[in-house]
Amino acid sequence: MENLLEMRDIGKSYGEDIILSGLSFTLARGMAIAIIGHSGGGKTTLLSIMGLLQKATSGQVRIDGLDIAGLSSAMLAKLRGQYISFVFQRARLINSLTALENVIAPAWFIRRGENLEQQAQALLAHFGLSHRLHHKPQELSLGQLRRISLARALLLKPPILLADEPTNDLDPALAGEVAACLLAARQAGSGVVIVTHDVGLAAQADQTFRLADGALHSVACQ
Ligand SMILES: Nc1ncnc2c1ncn2[C@@H]1O[C@H](COP(=O)(O)OP(=O)(O)O)[C@@H](O)[C@H]1O
Ligand SMILES: [Mg+2]
């Protein structure tokens, strides 16, 4: 199955509020897709449906060909663990763990036995954080937390990597570094979805869509 993620005719409402409507989307292996759109348009909601954190109100979601309708929450969690990794808008790190431990923790459940510490250190070094390995989240800046969150997602080597405004609040040099790492995940066969306001980043994706009126519209900016 070439398509890691397929969404067909997705609708999502919160009460009376229709957020998504008639939305379709396909993510193939090794592809990076950027999604732009105005604030409040439903981009984060869409990513959370892609990432199996929320259910759509209507429509079909397939992960690697498997229709998720009717799966138990335990099965959904398993599928999420196997396929999906997030870089959230606000890094959700564990306050009692160091930067290095935060990066290793989720991967440890899946790939225990591999030399995760060495790989995590290499990723953090790549992001200029070698001197912050043993600091806790509350001792780190927003930009540092974002990079730790990205290192954590990359260490999982996920088939599907979902990033919500990953370069926000970063200075241009760091934003470029984060963008390069996200896009490089394609070479390992990951499908990458990046919600962004950063037109430079969107231009480097294989395809760009604008989320407007609840659906995705192709943007010819490449
Ligand atoms: N859990 C929720 N309950 C009710 N409304 C929500 C919820 N999450 C998001 N919304 C609303 O859905 C709309 C889209 O939000 P969001 O997906 O965060 O947009 P974006 O990421 O594009 O800024 C907003 O109007 C927001 O207030
Ligand atoms: Mg958002």
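Calculation criteria
- Residues numbered from 1 in each chain as written.
- Chains lettered and ligands numbered in written order.
- Predicted model: local features only at pLDDT ≥ 70, side-chain atom pairs only at ≥ 80, totals over all residues.
- Heavy atoms only, no water.
- Pairing = 2+ DSSP bridges.
- Helix = DSSP H or I, 4+ residues; strand = E, 2+ residues; numbered from the N terminus.
- Contact = heavy atoms within 4.5 Å.
- Axes fitted to C-alpha atoms, helices over the stretch in contact; angles between N-to-C directions.
- Expected span 1.5 Å × (residues − 1).
- Buried < 20%, exposed > 50% of the residue type's maximum accessible area, 1.4 Å probe, protein only.

An unreviewed UniProt entry lists the chain under the name Macrolide export ATP-binding/permease protein MacB, with Sporomusa sphaeroides DSM 2875 given as the organism.

Asker: Looking at this structure, I do not really get the sheet that holds strand 4 (residues 58–63). What am I missing?
Answerer: The strands making up a sheet associate through hydrogen bonds between their backbones, and the pairing can be parallel or antiparallel. Read from one edge of the open sheet, four strands run 2-1-4-5, paired in antiparallel fashion. Across the chains shown, the open sheet's two edge strands, defined by having one partner strand only, are strand 2 (17–28) and strand 5 (66–67). Two elements, strand 4 and strand 5, share two bridges in a ladder whose sense is antiparallel. Across the sheet, the residue bridging to R62 is D67, located in strand 5. Each of strand 1 (3–14), strand 2 and strand 4 touches helix 1 (residues 43–50); the most contacted strand, strand 1, lies at about 130° to it.

Asker: Help me understand helix 6 (residues 172–184) in this model?
Answerer: The α-helix advances 3.6 residues per turn, and as a result positions three or four apart in sequence lie on the same side. Here helix 6 is 13 residues long and its end C-alpha atoms lie 18 Å apart, about the 18 Å a rise of 1.5 Å per residue gives. All buried positions along helix 6 are accounted for by L174, A175, V178, A179, C181, L182 and L183. Residues of helix 6 that are buried in the fold lie against strand 3 (32–36), helix 4 (116–126), helix 5 (142–155), strand 7 (160–164), strand 8 (191–195) and helix 7 (199–204).

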